[in-house]
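Chain and residue survey
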Amino acid sequence: MKKSLLLALIAATAITFTGCADKTEQSLAEKKKQEQIEANNNLPSWVIDPKVEGGISAVGIAGYSKHGMQIMLPQAEMDGRAKLAGQIQTIVSRVQKQAMRHNKINDLDDMENVFKQATKEVIKKMPLSGARKMNQYQAADGTLYVLMVIEKREVSKHLQNMKSTYEDHMREAKMTRESLDQGMKVLDDMMKELDEEVK
């Protein structure tokens, strides 16, 4: 009897402490969530909406480092440049699909694959060293935010200069003369639309 009473007492104590631990964990999580919301409300507007007239922009982020800005700033700038490349690739891919829809393509899958590979190469060769840091902010928790911008005209110029990359990929794919002609028409339409998009 004493043994079962002792076991019941131990079980009740364990349940009580578990319940308290759960409540403590929940309140800590809730507190952390509230602190994050407050921290986000204190961020500059350009961190939330990084739009810049005449440019393509992105926010690079670097966590706090005890080594300071000499480590954090290059990391944040590199993160911003990677995000810029992603945005440019998204723009090019969207315009490319629009150009393909406007033209009737016989071997659409093959053409899409050729353009996709060429776009990867074009974006990889994009001189993002031309992107510049326009703003920076360090939050109370040490996180560094930088606003990176590249001029739209620079992007447009690079894309026009890389037109031959698409032509080379189409030739290497050994497309038929008809498919090659269709591809060149898609490429011309795509370049016109890109020029409008990134003006």
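Everything in this summary refers to the structure shown in the same document.

1. Brief notes about the nonpolar core
Note on soluble globular proteins: their nonpolar side chains tend to be buried together. If you look at the biggest cluster of nonpolar residues, it comprises 38 residues, and the most contacted ones within it are I88, F115 and Y166. Secondary structure elements with two or more residues in this core: β1 (55-62), α3 (69-102), α4 (108-124), β3 (144-151), α5 (152-161), α6 (163-172) and α7 (177-197). Here this core gets ten residues from one element, more than from any other, and that element is α3. What Y166 contacts, discounting residues up to four positions off in sequence, is V92, F115, A118, T119, V122, L187, M190 and M191. W46, V47, V52 and L147 belong to the second-largest nonpolar core, a separate cluster that totals nine residues.

2. Points about the packing of α3 against α4
Direction vectors running N to C along α3 and α4 enclose 155 degrees, while the axes themselves pass 10 Å from each other. Judged on the interaxial angle alone, α4 and α3 are roughly antiparallel. When the axes of α3 and α4 are compared, the crossing they make is right-handed. Between α3 and α4, the residues in contact are A85, I88, Q89, V92, S93, Q96 and M100 and L108, M111, E112, F115, K116, T119, K120 and I123, respectively. Taken together, the residues of the contact of α3 with α4 sort by class into eight nonpolar, four polar and three charged.

So, how was this worked out
Residues numbered from 1 in each chain as written. Predicted model: local features only at pLDDT ≥ 70, side-chain atom pairs only at ≥ 80, totals over all residues. Heavy atoms only, no water. Core = buried A, V, L, I, M, F, W, Y, C linked by side-chain atoms within 4.5 Å. Buried < 20%, exposed > 50% of the residue type's maximum accessible area, 1.4 Å probe, protein only. Helix = DSSP H or I, 4+ residues; strand = E, 2+ residues; numbered from the N terminus. Contact = heavy atoms within 4.5 Å. Axes fitted to C-alpha atoms, helices over the stretch in contact; angles between N-to-C directions. Parallel < 35°, antiparallel > 145°, perpendicular 65-115°, else oblique. Left-handed = near helix turned anticlockwise from the far one by under 90°. Nonpolar A, V, L, I, M, F, W, Y, C, P; charged D, E, K, R; others polar.

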